[in-house]
Amino acid sequence: MLMENVEEKLKILVADDSLSYRMTIQELLEDNDYDVLVAQDGKEALDQIIENRPDLVILDVIMPKMDGIKVCNHIRNNQRTSSIPIIMLTAKDDSEDKILGLESGADDYLTKPFNEEELLAKLQSLLRLRNLQGKSFSTKSVVLVADDSLTVRMELQDLLDEDGYKAIAVEDGQEALEAVNRYLPDLVILDVIMPKMDGIEVCRKVKNNPATQQIPVVIITSKTDIDDKIRGLNAGADDYLFKPYNPKEFTAKVNALFRMKKMQMETERNILARSNMELQEVNKKLKNTQAQLVQNEKMVALGHLVAGIAHEINNPLSFVISNVRIFDEVFQDYQQLFDLYHNAKDSLSSQHLQRVDELEKQIDLAFLQTEVPRLSKDVHEGLERIRKIVLDLRNFSRLDEAEQKRANIIAGLESTLNLLQHQLKNNIEVSKEYGDIPEINCFPSQLNQVFMNVLVNAIQAIPNKGKIIIRTFQEEGMICIQIIDNGKGIDQETLAHIFEPFFTTKQVGDGTGLGLSISYGIIDKHNGTIAYSSELGKGTTCTIKIPVE
């Protein structure tokens, strides 16, 4: 049989230490229009392969200088020759050589004495596959055919090739099982009656092996052997075919099994995809839960800190405020006494008058009368600032607020700003553009935490001097809060991750990366939105929107 549609002769290397076998194969191949190279030992074969790059190699297992197994290993381990198809020649009873040949990289094998038609069929099949490999080989399904009848094997191979499948043919049950484990074909077709191991046993072993149990198996049996059909199905066969088979029925069964396998794979992929989505959702919830736990712990710690500060400061603060108030009252009484003495100075004797004048100069009465009230006023203002700081801390982290309540958002912004005065200092100007917005039902302390996170990020984005604008307005049933800075900005890649739990651009130890993730969760809890827009070198805008009702 001549190869069709071949512009140049294909090159085949035959390596065998037997002159008679070399000449027989050479003559057979040349008669079929192949260009034949020959080698009488393994070393010569390897040299020829490296030098001439044949299209296919036929290797005897037993050869001097280097056996066929080692030559096969060298071919597969050399990048320039690794894709060359290889047929191994071995004695009929040398099952171990067949296994070694397949394990070393051979594509097929032939037992001596071989059938010339079988050799040509195997060779042509491998060359067709090699020709297709660069095109659509990756999409071809592999079918293993096991039958001790050469005629049946060749017929089935031709049918499978015509339908676009890659067919591998073996002649007994042991070889079939070895080929299944080696090639992991997409479908196995087994004759029931075969030497060394029958098809039923092969099917049972295939289905009992976790690595191969998903491979569909078709049992071929005689029409009268209904028991073989039942035994095959009980052994795990997916379908059966009666001899003599109808080619159209055979093709239909094969295509149906592949459709079923494709559907099964798609189902498994869909299940896997759903499982993956569910796993991602669980992972997302786990991260959010973890973030919430961290938030809760942080808020509890902050609550304890605030309670401690309030307790430690309020007691001495109340004492000082009370004493300063008493001091003011006493000073006012003394002031009245000073005024009375001053008005009565003219009635004093010259000696007493001189003594009073000297004492006034000594204590600088004029300074005391003007500066003590001013100093008292400064003390009152300082104490009021301390009292307000404590109040802002308590308002910022009101852990006892388990339910929503009406709150003034601008008051929350002001309270948060007061706590950040030490960070603002004189470097950052804060412009307040408060529009008229109504009170809303919310969790005030949680919103204050959002404002704190956003403002701290804005402050940290300004390395030296800069400006922060805080703007409030109402829009389409939403109150809007914008916090705008003219800092260094955020690149788009980072911007896409800012709400992810534990994502941070800070150095290790400078932050947990939970601030904006928690902020997102809080705003989402209020059925609102929080979004960032930024441009490197120009600044960042955070826009928060919360429904009025």
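In this text the structure is predicted, and so the values were computed from the model without any measurement.

### Regarding a negative patch on the surface
Thought 1: Side chains of Glu27, Glu30, Asp31, Asp35, Glu116 and Glu117 sit close together on the surface and give a patch of like negative charge.
Thought 2: Secondary-structure elements contributing two or more residues to the negative patch are helix 1 (19-31) and helix 5 (116-133).
Thought 3: Per-element tally for the negative patch: the top contributor is helix 1, with three residues.

### So, the packing of helix 13 (residues 409-419) against helix 15 (residues 444-460)
Thought 1: Where helix 13 meets helix 15, the axes come as close as 9 Å, and the angle between the chain directions of the two elements is 50°. In terms of axis orientation, helix 13 runs oblique to helix 15. By crossing handedness, the relation of helix 13 to helix 15 is classed as right-handed. Facing helix 13, whose interface residues are Ile409, Gly412, Leu413, Thr416, Leu417 and Leu419, helix 15 presents Leu447, Asn448, Phe451, Met452 and Leu455.
Thought 2: Residue composition of the contact of helix 13 with helix 15, grouped by class: eight nonpolar, three polar and no charged.

### With respect to the nonpolar core
Thought 1: Core analysis: the biggest nonpolar cluster contains 45 residues, and Leu59, Ile86, Met88, Leu144 and Leu190 have the highest contact counts within it.
Thought 2: When near neighbours in sequence (up to four residues on either side) are disregarded, isoleucine 86 contacts Val57, Leu59, Cys72, Ile75, Arg76, Ala106, Asp107, Asp108 and Leu126.
Thought 3: By size, the runner-up hydrophobic cluster in this structure holds 39 residues, among which are Leu417, Leu419, Ile428 and Ile459.

### A word on unusual backbone geometry
Thought 1: Looking along the chain, the bond that leaves lysine 112 and enters proline 113 is cis, with omega of -10°.
Thought 2: In this structure, proline 113 sits in the loop between strand 5 (108-112) and helix 5.
Thought 3: In the Ramachandran plot, lysine 196 falls in the positive-phi region, its phi being about 70° despite a non-glycine side chain.
Thought 4: As for its placement among the helices and strands, lysine 196 is situated in the loop between strand 8 (187-191) and helix 8 (199-208).

### Here's the deal with the pairing of strand 6 (residues 142-146)
Thought 1: The buried fraction of strand 6 is high, at five of five residues.
Thought 2: Burial of the side chains of strand 6 extends over both faces: Val142, Leu144 and Ala146 are buried on one face and Val143 and Val145 on the other.
Thought 3: Bridge analysis of strand 6 against strand 7 (residues 166-170) gives five bridges, and the strand direction is parallel. Bridge assignment links alanine 146 to a residue of strand 7, and that residue is valine 170.

### Let's talk about the confidence of the model for the protein chain
Thought 1: Chain-level statistics for the protein chain give a pLDDT mean of 78 and a share of 78% at 70 or above.
Thought 2: A low-confidence stretch, residues 134-139 (pLDDT under 50), is modelled with three contacts involving residues beyond four sequence positions or located in other chains.
Thought 3: Note on residues 508-514: pLDDT is under 50 here. Beyond four places in sequence and across chains, it has 11 contacts.

### Looking at the packing of aromatic side chains
Thought 1: Enumeration according to the criterion identifies one aromatic pair in this entry.
Thought 2: With 5.8 Å between their ring centres and 40° between their planes, tyrosine 21 and phenylalanine 114 make a pair best called tilted. Linking tyrosine 21 in helix 1 with phenylalanine 114 in the loop between strand 5 and helix 5, this pair joins segments that are 93 residues apart in sequence.
Thought 3: On the accessibility criterion, tyrosine 21 (23% relative accessible area) is partly exposed.
Thought 4: Here the basic side chain of lysine 112 rests over the ring of tyrosine 21, its NZ or CZ set 4.4 Å away from the ring centre.
Thought 5: The ring of phenylalanine 443 has lysine 525 sitting right over it, with the charged end atom 4.4 Å from the ring centre.

### Observations regarding the sheet that holds strand 5
Thought 1: Here five strands make up an open sheet; going across it, the order is 2-1-3-4-5 and the pairing parallel. In the strand order of this sheet, the two ends are held by strand 2 (35-39) and strand 5, each with one partner. Between one strand and the next, the sheet's axes are offset by a mean angle of 20°, whatever the strand orientation.
Thought 2: Relative to strand 2, strand 1 (residues 11-15) runs parallel, the two being bridged by five bridges. Within strand 2, the residue paired with valine 14 across the bridge is valine 38.

### Things to note about the sheet that holds strand 10 (residues 239-243)
Thought 1: Sheet architecture is open: five strands sit in the order 7-6-8-9-10, paired in parallel fashion. Each edge of the sheet is formed by a strand with only one pairing partner; in this case those strands are strand 7 and strand 10. Put simply, the sheet's adjacent strands are angled 20° from each other on average, direction ignored.
Thought 2: Bridge analysis of strand 9 (residues 217-222) against strand 10 gives five bridges, and the strand direction is parallel.

### Observations concerning helix 1
Thought 1: Along its 13 residues, helix 1 runs 18 Å from first to last C-alpha, staying within 8% of the 18 Å computed at 1.5 Å per residue.
Thought 2: The complete set of buried residues in helix 1 reads Arg22, Ile25, Leu28 and Leu29. Buried positions in helix 1, seen along its axis, are confined to an arc of 140° and lie on one side of it. Of the exposed residues in helix 1, the ones pointing more than 90 degrees away from its buried face are Leu19, Met23, Glu27 and Asp31.
Thought 3: Directly after helix 1, the chain includes aspartate 33, whose backbone phi takes a positive value near 70°.

### Quick notes on the pattern of salt bridges
Thought 1: Across all of its chains, the model carries 14 salt bridges by this definition.
Thought 2: In this structure, aspartate 16 and lysine 112 form a salt bridge, with 2.9 Å as the shortest nitrogen-oxygen distance. With aspartate 16 in the loop between strand 1 and helix 1 and lysine 112 in strand 5, this residue pair connects regions lying 96 residues apart in the sequence.
Thought 3: Put simply, arginine 153 and glutamate 171 hold a salt bridge, and the shortest N to O gap is 3.8 Å. Of the two residues, arginine 153 sits in helix 6 (residues 150-162) while glutamate 171 sits in the loop between strand 7 and helix 7 (173-183), which places them 18 residues apart along the sequence. Accessibility assignment for this pair places arginine 153 and glutamate 171 in one class, buried.

### As for helix 6
Thought 1: Counted at 1.5 Å a residue, the expected span for helix 6 with its 13 residues is 18 Å, and the 18 Å between its end C-alpha atoms agrees.
Thought 2: All of the buried residues in helix 6 are Val152, Arg153, Leu156, Gln157, Leu159 and Leu160. For helix 6, the angular spread of the buried residues around the axis is 165°, confining them to a single face. Helix 6 presents Thr151 and Glu162 as exposed residues on the side facing more than 90 degrees away from its buried surface.
Thought 3: Backbone geometry just downstream of helix 6 places glycine 164 in the positive-phi region, at approximately 90°.

Conventions used here
- Residues numbered from 1 in each chain as written.
- Predicted model: local features only at pLDDT ≥ 70, side-chain atom pairs only at ≥ 80, totals over all residues.
- Heavy atoms only, no water.
- Patch = residues over 30% accessible without salt bridge, like charges linked within 9 Å, V, L, I, M, F, W, Y side chains within 5 Å.
- Areas by Shrake-Rupley, 256 points an atom, 1.4 Å probe, with all protein chains shown as cover.
- Salt bridge = Lys/Arg side-chain N within 4 Å of Asp/Glu carboxyl O.
- Lys, Arg positive; Asp, Glu negative; His and termini not counted.
- Charge placed at Lys NZ, Arg CZ, Asp CG, Glu CD.
- Helix = DSSP H or I, 4+ residues; strand = E, 2+ residues; numbered from the N terminus.
- Axes fitted to C-alpha atoms, helices over the stretch in contact; angles between N-to-C directions.
- Parallel < 35°, antiparallel > 145°, perpendicular 65-115°, else oblique.
- Left-handed = near helix turned anticlockwise from the far one by under 90°.
- Contact = heavy atoms within 4.5 Å.
- Nonpolar A, V, L, I, M, F, W, Y, C, P; charged D, E, K, R; others polar.
- Core = buried A, V, L, I, M, F, W, Y, C linked by side-chain atoms within 4.5 Å.
- Buried < 20%, exposed > 50% of the residue type's maximum accessible area, 1.4 Å probe, protein only.
- Pairing = 2+ DSSP bridges.
- pLDDT = per-residue confidence, 0-100.
- Phe/Tyr/Trp six-rings, centres within 6.5 Å; stacked < 30°, edge-to-face > 60°.
- Lys NZ or Arg CZ within 6 Å of the ring centre and 35° of its normal.
- Expected span 1.5 Å × (residues − 1).
- Arc of directions from axis to C-beta.

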